[in-house]
Amino acid sequence: MKRGFAAVLTATLAAVLLLCGCSVKNAAAQFIAMDTTIALRLSGAGAEAAVTAAEKQMHELEALLSRTRADSAVSLLNGAGGAPQALDNRVWALLAAAQDYALATGGAFDVTVAPVVSAWGFTEAAFRVPSRKELTELLKNVGPAHVDVSQTDTAVLSPGTQIDLGGIAKGYATDLMQALCDEYEITSGTIALGGNVYVRGTKEGGTLWQVGVQDPAGSGLVGTVGLSDAYAVTSGGYQRYFEQDGSVYHHIIDPATGYPADSGLTSVTVIASAAETDGANGLPGSGTMCDALSTALFVMGEEAALEFRRSSGLDFDMILVTEDRRVLVTGGIAEHFNKQEGSGYQYETVS
Ligand code: AMP
Ligand code: MG
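Residues numbered from 1 in each chain as written. Chains lettered and ligands numbered in written order. Predicted model: local features only at pLDDT ≥ 70, side-chain atom pairs only at ≥ 80, totals over all residues. Heavy atoms only, no water.

A.B. asks: Quick question: what am I supposed to make of the overall build of the protein here?
C.D. replies: The helix and strand tally for the protein stands at nine helices and 17 strands. Against the globule reference of 20 Å for 351 residues, the protein gives a C-alpha radius of gyration of 20 Å, in line with a compact fold. For the protein, the residues scored as buried account for 55% of the 351 residues in total. Here the contacts in the protein between residues at least 6 apart in sequence split such that 63% fall between residues at least 24 apart. A total accessible area of about 14,700 Å² is found for the protein, and carbon and sulfur atoms account for 49% of it. Between the mean site of the 21 positive side-chain charges and the mean site of the 39 negative ones, the protein shows a separation of 5 Å. (Helix = DSSP H or I, 4+ residues; strand = E, 2+ residues; numbered from the N terminus. Rg over C-alpha atoms; globule rule 2.2 N^0.38 Å. Buried < 20%, exposed > 50% of the residue type's maximum accessible area, 1.4 Å probe, protein only. Contact = heavy atoms within 4.5 Å. Areas by Shrake-Rupley, 256 points an atom, 1.4 Å probe, with all protein chains shown as cover. Lys, Arg positive; Asp, Glu negative; His and termini not counted. Charge placed at Lys NZ, Arg CZ, Asp CG, Glu CD.)

Put into structure tokens, the structure is as follows:
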């Protein structure tokens with residue numbers, strides 16, 4: 001079961017639209033890739049070409065990173081049986097970044113959780129509840145120590161270890177979109193890949209883009225946040241889950257237990273500046289960071305997430321939504337956060 005991200009970025013056109021007349025052009029498109037609806041609205045000299053290139057790039061990335069395609073780079077690595085595997089340089093850079101985030105988050109973000117994600121049926125949408133014994137067995141092959149990326153463009157996984165880049169791939173895709181926007185002289189626009197949003201420049205007239213944060217427990221929003229040149233990435237159990245015998249099981253796994261994370265949070269939105277990021281060079285940058293962290297902080301829970309933000313040395317803001325209906329907004333964005341009147345949530349600014 002899946003529910004889309006109710007961003008305020010709703011304008012969607014089925015095909016590329018070109019509204020020309022002056023040197024600034026506008027183009028928009030909506031398509032599906034990486035199992036997600038992708039919506040782009042771009043303004044700038046090369047808007048139309050940028051939209052075409054972005055769609056091509058997304059399909060290329062999907063072909064490299066998909067776990068359900070037998071010939072993807074990720075599937076070939078997962079099937080290598082412990083032997084060194086040559087990797088496309090983008091896949092290697094992303095896996096190396098994933099390793100860094102696994103270490104930085106104490107394993108809350110860990111792409112080697114792949115076999116556990118599959119055991120719950122999330123890879124093939126064939127949902128089931130695995131036994132504790134099965135999970136204990138699978139967890140023996142989970143952990144960053146089972147991945148070796150010390151040699152550039154090569155990776156070695158321990159036999160039995162597999163990776164799933166689903167918790168970070170869309171973030172990297174938005175980094176690459178930012179690089180494309182630079183190349184095609186895009187001055188302003190929005191790109192939404194499900195819960196991963198990149199906003200470029202400002203709206204016409206210099207006003208901030210408004211990005212909606214969905215109510216994890218309902219169909220509306222808990223608020224909107226005004227942003228320019230930034231990434232906003234939301235992770236939440238409500239985005240993908242199944243129900244069995246009256247219990248709900250969602251897709252974000254706590255690698256320490258093998259069970260869906262049960263940390264008291266219902267969603268985490270991580271926001272970071274898109275200025276001065278490695279993403280501009282085609283490397284994993286702030287978009288990737290936001291994606292890895294939103295998944296990790298959802299696993300960690302409120303207190304550990306706040307402590308991580310204070311001590312990690314990484315520059316980001318966040319919006320935490322809790323099971324007991326509180327919305328916590330960190331200081332750096334509090335000024336630009338707009339509460340949703342009548343939502344029933346209690347709002348707090350936190351540091
Ligand atoms: P996201 O929506 O970015 O939070 O990513 C969730 C997806 O990442 C899941 O559907 C899994 O494919 C994968 N995943 C689940 N748990 C973790 C975890 N703890 N660390 C890394 N990836 C995970
Ligand atoms: Mg993520």
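A.B. asks: Just checking my understanding: could you explain the sheet that holds strand β16 (residues 337-339) for this structure?
C.D. replies: Strands in a sheet are paired, the pairing made by backbone hydrogen bonds, and the direction either parallel or antiparallel. A sheet is described by the order of its strands in space; here three strands give the open sequence β8-β9-β16, paired in antiparallel fashion. Because the sheet does not close on itself, it has two edges, and the strands there are β8 (209-214) and β16. The mean inter-strand angle of the sheet, taken between neighbouring strand axes irrespective of direction, is 25°. As paired strands, strand β9 (residues 221-227) and β16 are joined by three bridges and run antiparallel to one another. Following the sheet pairing, Thr224 is matched in β16 by Asn338. (Pairing = 2+ DSSP bridges. Axes fitted to C-alpha atoms, helices over the stretch in contact; angles between N-to-C directions.)

A.B. asks: Looking at this structure, how should I read the pairing of β9?
C.D. replies: The two faces of the sheet receive side chains in turn, since in a regular strand these alternate between them. Of all the seven residues making up β9, seven are buried; the element is thus mostly covered by neighbouring parts of the structure. The turn linking β8 back onto β9 is made up of six residues.

A.B. asks: How do you make sense of the coordination of the magnesium ion (ligand 2) when you look at a structure like this?
C.D. replies: Ideal donor angles around a metal are set by the shape: a four-donor tetrahedron calls for 109.5 degrees, a six-donor octahedron for 90 or 180 degrees. Coordination of the magnesium ion (ligand 2) by the protein comes from Gly167 (O), Asp291 (O), Asp291 (OD) and Thr295 (OG1), over a distance range of 2.0 to 2.4 Å. In the primary structure, the donors to the magnesium ion (ligand 2) are separated according to the pattern G-x123-D-x3-T. Highlighted residues: Gly167 in the loop between β5 (154-157) and α6 (169-183) and Asp291 in helix α7 (residues 286-300), separated in sequence by 124 residues. By relative accessible area, Asp291 is classed as buried at 5%. (Donors = N, O, S within 2.8 Å, 3.2 Å for Na, K, Ca; no water.)

A.B. asks: What should I look at first to understand the environment of Pro284 in this one?
C.D. replies: Inspection of the secondary structure puts Pro284 in the loop between β13 (265-273) and α7. With 193 residues separating them in the primary sequence, Pro284 and Val91 have C-alpha atoms 10.0 Å apart. Not counting the four nearest positions on each side in its chain, Pro284 is found in contact with Ala93, Leu94, Ala97, Tyr172, Asp175, Asp278 and Gly279.

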